[in-house]
Amino acid sequence: MSFILPAQAVPLTHEVDMAEADGFEPREAVAAPGPYRSEARLRVVDGQLQVELVAASWGVPRRHRRPPTVRLVRGEWLRWQINYRFTGMNGGATLYRLDTLSLAHGAVPADTFLGDPPRFIDERAQIW
C-alpha cells in the first residue's frame, strides 16, 4: 500500500502499479506532478493544499455522495483509497482496481507514507 519515496526534488509523482498478471510485482515510475489514474484536483488556498479526488467515471459503483475537499497544511499528508469494478474491458473480462493516493503538502521524509496516515479517506465499497 505504501512505498519509500525516491530521492528526487519535489514536487513529484511517484507512481507504483501492481497487477495480478505480474504477480503483484511493483513497477515504479517518477513523473512530473499530477496523479495518473484517478485525477486529483489540487489548489493552494491560504497556504493550505486543497485536495479533491475525482472518481473514474466508468467504474462501478457510482459514487453519488463523495467526501468533501480536504485541506492540508504544509508537512501534513493524507491517504485516500477508492476501488472500482470495470466490466466488458479486455475482451469482456471484469477488472477490479484499487487506487491509493498518498499525498503530502510540501517536502516530507522519504519514509513518510510507510506510517499510519494522519488523514485517511476510505471510499472502498463492495464491488462484486
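The present account deals with the structure reproduced in this document. Predicted model only: the values in this text are computed from it and were never measured. (Residues numbered from 1 in each chain as written. Predicted model: local features only at pLDDT ≥ 70, side-chain atom pairs only at ≥ 80, totals over all residues. Heavy atoms only, no water.)

Observations regarding the overall build of the chain
Per the secondary structure count, the chain includes 0 helices and 8 strands. Secondary structure elements in the chain, listed N-terminal to C-terminal, are β-β-β-β-β-β-β-β. Computed over the C-alpha atoms, the radius of gyration of the chain is 15 Å, within 12% of the 14 Å expected from 2.2 N^0.38 for a compact globule of 128 residues. Out of the 128 residues belonging to the chain, those deemed buried represent 27%. A separation of at least 24 residues holds for 52% of the contacts in the chain among residues at least 6 apart in sequence. Taken as a whole, the chain presents about 8,300 Å² of accessible surface, with 51% of it coming from carbon and sulfur. Positive and negative side-chain charges in the chain, numbering 15 and 15 respectively, have mean positions lying 9 Å apart. (Helix = DSSP H or I, 4+ residues; strand = E, 2+ residues; numbered from the N terminus. Rg over C-alpha atoms; globule rule 2.2 N^0.38 Å. Buried < 20%, exposed > 50% of the residue type's maximum accessible area, 1.4 Å probe, protein only. Contact = heavy atoms within 4.5 Å. Areas by Shrake-Rupley, 256 points an atom, 1.4 Å probe, with all protein chains shown as cover. Lys, Arg positive; Asp, Glu negative; His and termini not counted. Charge placed at Lys NZ, Arg CZ, Asp CG, Glu CD.)

Remarks on the nonpolar core
Counting 15 residues, the largest nonpolar core has Val51, Val70, Leu72, Leu78, Trp80, Leu101 and Leu103 as the members making the most contacts within it. Contributing elements (two or more residues each) for this core: strand E4 (48–53), strand E5 (70–72), strand E6 (77–89) and strand E7 (93–104). If you tally residues by element for this core, the top one is E6, at 5 residues. Aside from chain neighbours lying at most four places away, what touches tryptophan 80 is Val51, Glu52, Leu53, Arg66, Pro67, Pro68, Val70, Asp99, Thr100, Leu101, Ile121 and Glu123. (Core = buried A, V, L, I, M, F, W, Y, C linked by side-chain atoms within 4.5 Å.)

Let's talk about the packing of aromatic side chains
Tallying each qualifying case throughout the model produces 3 aromatic pairs. Measuring from ring centre to ring centre gives 6.1 Å for tryptophan 58 and phenylalanine 86, while their planes differ by 40°; the resulting arrangement is tilted. Taken together, the residues span a long stretch of sequence, with tryptophan 58 in the loop between E4 and E5 and phenylalanine 86 in strand E6 at a distance of 28 residues. Taken together, a centroid distance of 5.6 Å and an interplanar angle of 40° make the contact between tyrosine 84 and phenylalanine 86 tilted. On the basis of relative accessibility, which here comes to 0%, the residue tyrosine 84 falls in the buried class. (Phe/Tyr/Trp six-rings, centres within 6.5 Å; stacked < 30°, edge-to-face > 60°.)

Treat this as a map of the structure, not an account of what it does.
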